[in-house]
Amino acid sequence: VSGASTPHACLFHWHDSELGQGGRGLSAVRCGDYKAHFYTQNDYATEANRSKSWPAGKQDPPLLFLLTQTEQSETVQVDPASEEYASHMKVIGRARYAHLASIAPVCSQNKASECGGTNWSYAICADHDSKSKFPQWPLCTITPAGWTAKTCV
């Protein structure tokens, strides 16, 4: 985003489609050179052997990182008590709120209990007989022979 030509002032990073609990699925928002993490999954900092670390889950206050051309690894954390944090979180918070308000919730195709996410009649499948050929793999496993197939169900 920094110095790049884009029609978007902010980028929204979704972990999943969960809109409940204050937009839990929207894990991070980047506006300009600043990226705020509201929810984190795993401790990527520890996994990458970095010295700074944070727990997985809701971040309260949100983690704010300064991203530059030379530092994109989210290790330069902005102090939550600073004016810099307050001013950039105000911008990011407004963008996050507007983004969440613009989304119309729909049924998740990934959750069978909501709208039949395991209903195979909705699947795009290159080989409906793949389970008999490859019993160790899920239904509709696409093999190299099916990568160029132009069929839909």
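Treat the numbers as computed from the prediction; the structure is a model and nothing was measured.

1. Quick notes on the pattern of salt bridges
Here comes step 1: With the rule as written, the count across this model stands at one salt bridge.
Here comes step 2: One salt bridge connects Glu74 with Lys35, and the closest N-O pair in it is separated by 2.7 Å. Taken as a pair, Glu74 in the loop between strand 4 (57-66) and helix 3 (83-101) and Lys35 in strand 3 (residues 34-40) lie far apart in primary sequence, 39 residues in all. Pair check on accessibility: Glu74 and Lys35 agree, each one buried.

2. Brief notes about the pairing of strand 2 (residues 26-31)
Here comes step 1: With six of six residues buried, strand 2 is to be regarded as a mostly interior element.
Here comes step 2: Alignment of strand 1 (residues 10-14) against strand 2, held across five bridges, turns out to be antiparallel. Bridging from a neighbouring strand, Phe12 pairs with Val29 of strand 2.
Here comes step 3: Judged from the four bridges that link them, strand 2 and strand 3 form a sheet pairing that is antiparallel. Looking at strand 3, one finds that Ala28 is bridged to His37.
Here comes step 4: Linking two consecutive strands that pair antiparallel, namely strand 2 and strand 3, is a turn of two residues; a positive phi of about 65° is found at Gly32 within it.

3. Describing helix 3
Side chains of residues three or four places apart in an α-helix project in the same direction, reflecting 3.6 residues per turn.
Here comes step 1: Taking 1.5 Å of rise per residue, the 19 residues of helix 3 would be expected to cover 27 Å, and the 27 Å separating its terminal C-alpha atoms lies within 8% of that figure.
Here comes step 2: Tyr85, Met89, Ile92, Ala95, Arg96, His99 and Leu100 are the residues of helix 3 that are buried.

4. Structural notes on the sheet that holds strand 3
Here comes step 1: Pairing is antiparallel across the open sheet formed by four strands, whose spatial order is 1-2-3-4. With one partner strand each, in any of the chains shown, strand 1 and strand 4 form the two edges of the open sheet. Across the sheet, the mean angle separating the axes of adjacent strands is 15° when strand polarity is ignored.
Here comes step 2: Of the pairings in the sheet, the one linking strand 3 to strand 4 comprises six bridges and is antiparallel in character. Along strand 4, the bridge assignment pairs Thr40 with Gly57.

5. What to know about the state of the cysteines
Here comes step 1: This model, assessed by the stated rule, comprises one disulfide.
Here comes step 2: Paired through a disulfide, Cys10 and Cys31 show a sulfur-sulfur distance of 2.0 Å. An S-S torsion of about 110° defines the bridge between Cys10 and Cys31 as right-handed. Pair noted here: Cys10 is in strand 1 and Cys31 is in strand 2, with a separation of 21 residues, a long-range link. Take Cys10 and Cys31: they sit in the same class, and that class is buried.

What counts as what
- Residues numbered from 1 in each chain as written.
- Predicted model: local features only at pLDDT ≥ 70, side-chain atom pairs only at ≥ 80, totals over all residues.
- Heavy atoms only, no water.
- Salt bridge = Lys/Arg side-chain N within 4 Å of Asp/Glu carboxyl O.
- Helix = DSSP H or I, 4+ residues; strand = E, 2+ residues; numbered from the N terminus.
- Buried < 20%, exposed > 50% of the residue type's maximum accessible area, 1.4 Å probe, protein only.
- Pairing = 2+ DSSP bridges.
- Expected span 1.5 Å × (residues − 1).
- Axes fitted to C-alpha atoms, helices over the stretch in contact; angles between N-to-C directions.
- Disulfide = S-S within 2.5 Å.

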